[in-house]
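Given next are the chains, with one letter for each unit.
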Amino acid sequence: MAQSFDRQKAKPHIAEEWVGKIVTLLCIALLIITIFSIVYFVASKGLSTFFKNNVNPIDLLTGLKWSPEGEPPFFGALPFIFGSFSTSILAALIAAPLGFCASVFMVEISPKFGRRYLQPVIELLAGIPSVVYGFVGLSVIVPFFRDVFPGQGIGIAAGALVLSIMILPTITTIATDALAALPKGLKEGSYALGSTRWQTIYRIVLPTTLPSLMTGIVLGIARAFGEALAVQMVIGNAPHIPRSLFESASTLTSAITLSMGNTAMGSLANNALWSLALILMLMTFVFVFIVRFLEGRSKL
Amino acid sequence: MKKTVMLLMLLTVMVALAACGQNNNGNNAASSNAGSSEPASSEPASSEPATSDLSGSFLASGSSALQPLVDQVSKKFMDANKGVSIQVQAGGSGTGLTQVSEGQSQIGNSDVFAEEKLDADKAAELVDHQVAIVGMAAVVNPEVTVDNLTKQQLIDIFTGKVTNWKDVGGNDQKIQIVNRPSSSGTRATFEKYALGQKSEDLQGSIQEDASGTVKKLVGETPGAIGYLALSYLDDSIKTVKYEGIEATVDNIANGTYPVWAYEHMYTKGEPDAAVKAFLDYMVSDEVQNADVVELGYIPASKMQVKRDAAGNITK
């Protein structure tokens, strides 16, 4: 009696089990197929510059002159690579101290106020579309830089400042989570030994959470690296390595978005843009590996 | 049970989303085109763009400079022909030409001749329909005192030989170039007909693709020079004459002002009935004298000169 009752009851559960398994499997299969087809697509397009059009990869990585539709064409992407790295690293240098201080304040100094009001406000920054950042940058930051510094205001400095605001939520959120996850015992032990709050934060909290904080920075750099629209609006897009932070420069993403629609698919100029996309994708992989490495070293 | 239904719905949505990647020029656009300003019913029957038994759906993609016109006209056309559904996409002239050449779209909008972007054999398959003319003018920051530039002066500026306005008759002020990316159709037109040669991307020059951004930067940056389509000109920037000739519709039409380009709508081979009716409607007087002028283009019918892909002008 009891057994048959069990079996009747169990049947819907088994069905649910199977449905759940199949649905999750389909989702993950779809994801994997998407990821691999994107990688394949970008790689096949990006590599055809080298195989079909016989452009030397070393020239692409180290050349200084970019004029894919010129006579003869030049494919020097170093100005873009330089621009991408300098804007995103500079952005992280600006955003990281701000993000760390904000998270220390929210977790250690004023947890109630910080958690309830500050964190939602900072997370709100993440939801603002990048075109808005770009337009604010073009309307506020660029004229300001133009008045204060020599040059036309546009350039790596303006791009980095816009990006630093965009990646602030990433760095702050990850730092906040890391600080909050710190075992209470560590801090209490430090207090018990007679150290002040600043000594505790400086000597105990920050060193222990450093790998997580670094993860936040790397993720921030990765986001800044891939951002196209906002940077394109304020950086000026000249395919040259600038002589100052306030001179027109270019990033990998801005070069791609500026020209992709104007070039015919399969042409040499178009393939060269796909090669830039390939560099961008490989760099993203590198960032992901760095994050995995840092997570592995986390002491928590 | 509820959960199962939810999961099934989720799956359906996912499949539907995945299917969106395929080319479905569905008929769902036809229902969403009310609100066109044109009172179709009051028009006499003879000027209706086409008989209303046309049907079919097609995609027109490409040039973002031409997109507003095609978009507006396609809505009017769909109002008059309920069986036809037209989708208009902007993605750049190169994209438009590639898509029409590969059959992904039925009409490819372009600022430049197909010969300039595609291989010769691919370009030969495409049929050109010139629907409008767009004129371009060099513009400078309002504080720049120069109001006429010769061809040679423009060449000197855009090749970096002249870097200060005082060398071309202006104040002592550094010249800031606001250019378009080297692949841009607008830049190709400007280089071909205003400069007569290709120009390099100079160190320190600004490059923007969007006309609105170019206008904003030229208007705000001291000593800036750029170029814009005539429809973008207003008081925030100063238009300079080219070789002493003002950039006006009349000067372009009679051939004295040379910096202009055709807006092309390419089809692969001869178009089918619905596409042909749309293209005929596009060049009809009803559109040419109303929408084309209203949106700042110049009607093809008004031109007293013709130009071929090589740039040869005939009266």
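Residues numbered from 1 in each chain as written. Chains lettered and ligands numbered in written order. Predicted model: local features only at pLDDT ≥ 70, side-chain atom pairs only at ≥ 80, totals over all residues.

The name given to chain B in an unreviewed UniProt entry is Phosphate-binding protein, with the source organism recorded as Cohnella lupini. UniProt annotates chain B under Sequence similarities (unreviewed entry) with the comment "Belongs to the PstS family." Checking UniProt for chain B, the heading Subcellular location (unreviewed entry) contains the comment "Cell membrane". (UniProt positions renumbered as here; feature names shortened; annotations may be inferred.)

As annotated in an unreviewed UniProt entry, chain A carries the name Phosphate transport system permease protein and is attributed to Cohnella lupini. The UniProt entry for chain A carries the following comment under Function (unreviewed entry): "Part of the binding-protein-dependent transport system for phosphate; probably responsible for the translocation of the substrate across the membrane." Recorded in UniProt under Subcellular location (unreviewed entry), the annotation for chain A is "Cell membrane".

> Tell me what's going on with the pairing of strand 11 (residues 260-268) of chain B, and back it up with residues and numbers.
All names here are of chain B. Among the nine residues of strand 11, eight are classified as buried, and the element is accordingly described as predominantly covered. Both strand 3 (residues 107-110) and strand 11 contribute to a ladder of three bridges, which runs antiparallel. Paired with Ser110 across the bridge in strand 11 is His264. Inspection of the sheet shows strand 4 (residues 126-140) paired to strand 11 by nine bridges, in the antiparallel sense. Among the inter-strand pairings, Ile133 is bridged to a residue of strand 11, identified as Tyr262. (Buried ≥ 20, exposed ≤ 12 C-beta atoms within 10 Å, placed from the backbone. Helix = DSSP H or I, 4+ residues; strand = E, 2+ residues; numbered from the N terminus. Pairing = 2+ DSSP bridges.)

> Give me the lowdown on the domain arrangement of chain B, citing residues and values where you can.
Residues and elements named next belong to chain B. According to the domain assignment, chain B contains domain 1 (56-133 + 261-314) and domain 2 (134-253). For domain 1 and domain 2, the distance between their C-alpha centres works out to 27 Å. Listed per partner, the contact involves 20 residues of domain 1 and 14 residues of domain 2. Listing elements by their share of the side of domain 1 that touches domain 2, those giving two or more residues are helix 3 (93-101), strand 4 and strand 11. (Domains from an automatic or database assignment. Contact = placed C-beta atoms within 7 Å.)

> Explain the interface of chain A and chain B to me, using residue names and the numbers behind them.
Residue-level contacts link 27 residues of chain A with 34 residues of chain B. Secondary-structure elements contributing two or more residues to the side of chain A that touches chain B are helix 1 (2-51), helix 5 (130-148) and helix 10 (252-259) of chain A. Element by element, the count of residues in the side of chain A that touches chain B is highest for helix 1 of chain A, at four residues. Its residues placed into classes, the side of chain A that touches chain B shows 13 nonpolar, eleven polar and three charged. (Nonpolar A, V, L, I, M, F, W, Y, C, P; charged D, E, K, R; others polar.)

> Would you mind going over helix 4 (residues 111-127) of chain A in detail, with residue names and values included?
Residue and element names in this part refer to chain A. With 17 residues, helix 4 extends 23 Å between its outermost C-alpha atoms, agreeing within 8% with the 24 Å of an ideal straight helix rising 1.5 Å per residue. The sharpest bend along helix 4 measures roughly 35 degrees and falls at Leu118, with the proline Pro120 sitting one to four residues further on. Buried residues are scarce in helix 4, accounting for one of its 17 residues. (Expected span 1.5 Å × (residues − 1). Bend = angle between axes of the 7 residues up to and from the residue.)

> Before we move on, can you summarise the packing of helix 6 (residues 156-180) of chain A against helix 8 (residues 197-226) of chain A with the specific residues and values?
Residues and elements named next belong to chain A. Contact pair helix 6 / helix 8: the axes reach a minimum separation of 8 Å and the direction vectors enclose 150 degrees. Between helix 6 and helix 8, the angle falls in the class roughly antiparallel. Crossing geometry of helix 6 relative to helix 8 is assigned as right-handed. When helix 6 is examined against helix 8, the residues Leu163, Met166, Ile167, Thr170, Ile171, Ile174, Ala175, Ala178 and Leu179 are found in contact with a partner set consisting of Val205, Thr209, Ser212, Leu213, Thr215, Gly216, Ile217, Leu219, Gly220, Arg223 and Ala224. Broken down by class, the residue content of the contact of helix 6 with helix 8 amounts to 13 nonpolar, six polar and one charged. (Axes fitted to C-alpha atoms, helices over the stretch in contact; angles between N-to-C directions. Parallel < 35°, antiparallel > 145°, perpendicular 65-115°, else oblique. Left-handed = near helix turned anticlockwise from the far one by under 90°.)

> Lay out the confidence of the model for chain A in plain terms, naming residues and giving numbers.
With 96% of its residues at a pLDDT of 70 or more, chain A shows a mean pLDDT of 88. Taking the mean pLDDT of every element in chain A, the minimum, 85, falls on helix 1 of chain A and the maximum, 93, on helix 3 (residues 78-109) of chain A. (pLDDT = per-residue confidence, 0-100.)

> I'd love a proper account of the environment of B:Ala80, names of residues and values included.
All names here are of chain B. Within the secondary structure layout, Ala80 lies in helix 2 (residues 67-80). Looking at Ala80, the number of C-beta atoms within 10 Å reads 20, which means it is buried. Sequence spacing of Ala80 and Ala120 is 40 residues, and the spatial spacing of their C-alpha atoms is 37 Å.

> Kindly report on the environment of A:Ser103, identifying the contributing residues and their values.
All names here are of chain A. On the secondary structure map, Ser103 appears in helix 3. Considered as a pair, Ser103 and Ile128 are 25 residues apart in the sequence and their alpha carbons are 20 Å apart. For Ser103, the contacting residues outside a window of four places in its chain are Thr172, Ala175, Thr176 and Leu179.

> So what's going on with the environment of A:Leu268? Residues and values would help.
Residue and element names in this part refer to chain A. For Leu268, the location among the structural elements is in helix 11 (residues 268-297). Given 18 C-beta atoms within a 10 Å radius, Leu268 is considered partly exposed. Here the alpha-carbon distance between Leu268 and Ile171, two residues 97 residues apart in the chain, equals 39 Å. Not counting residues within four places of it along the chain, the set of residues in contact with Leu268 comprises Asn53, Pro68 and Pro73.

> How would you sum up unusual backbone geometry? Please name residues and give values.
A positive phi angle is found at A:Asn237, which is not glycine, with a value near 70 degrees. Of the residues examined, A:Asn237 has 29 C-beta atoms within 10 Å and is grouped as buried. Here B:Glu243, not a glycine, exhibits a phi torsion of approximately 55 degrees, which is positive. Within the element layout of this structure, B:Glu243 appears in the loop between strand 10 (241-242) and helix 8 (249-253).

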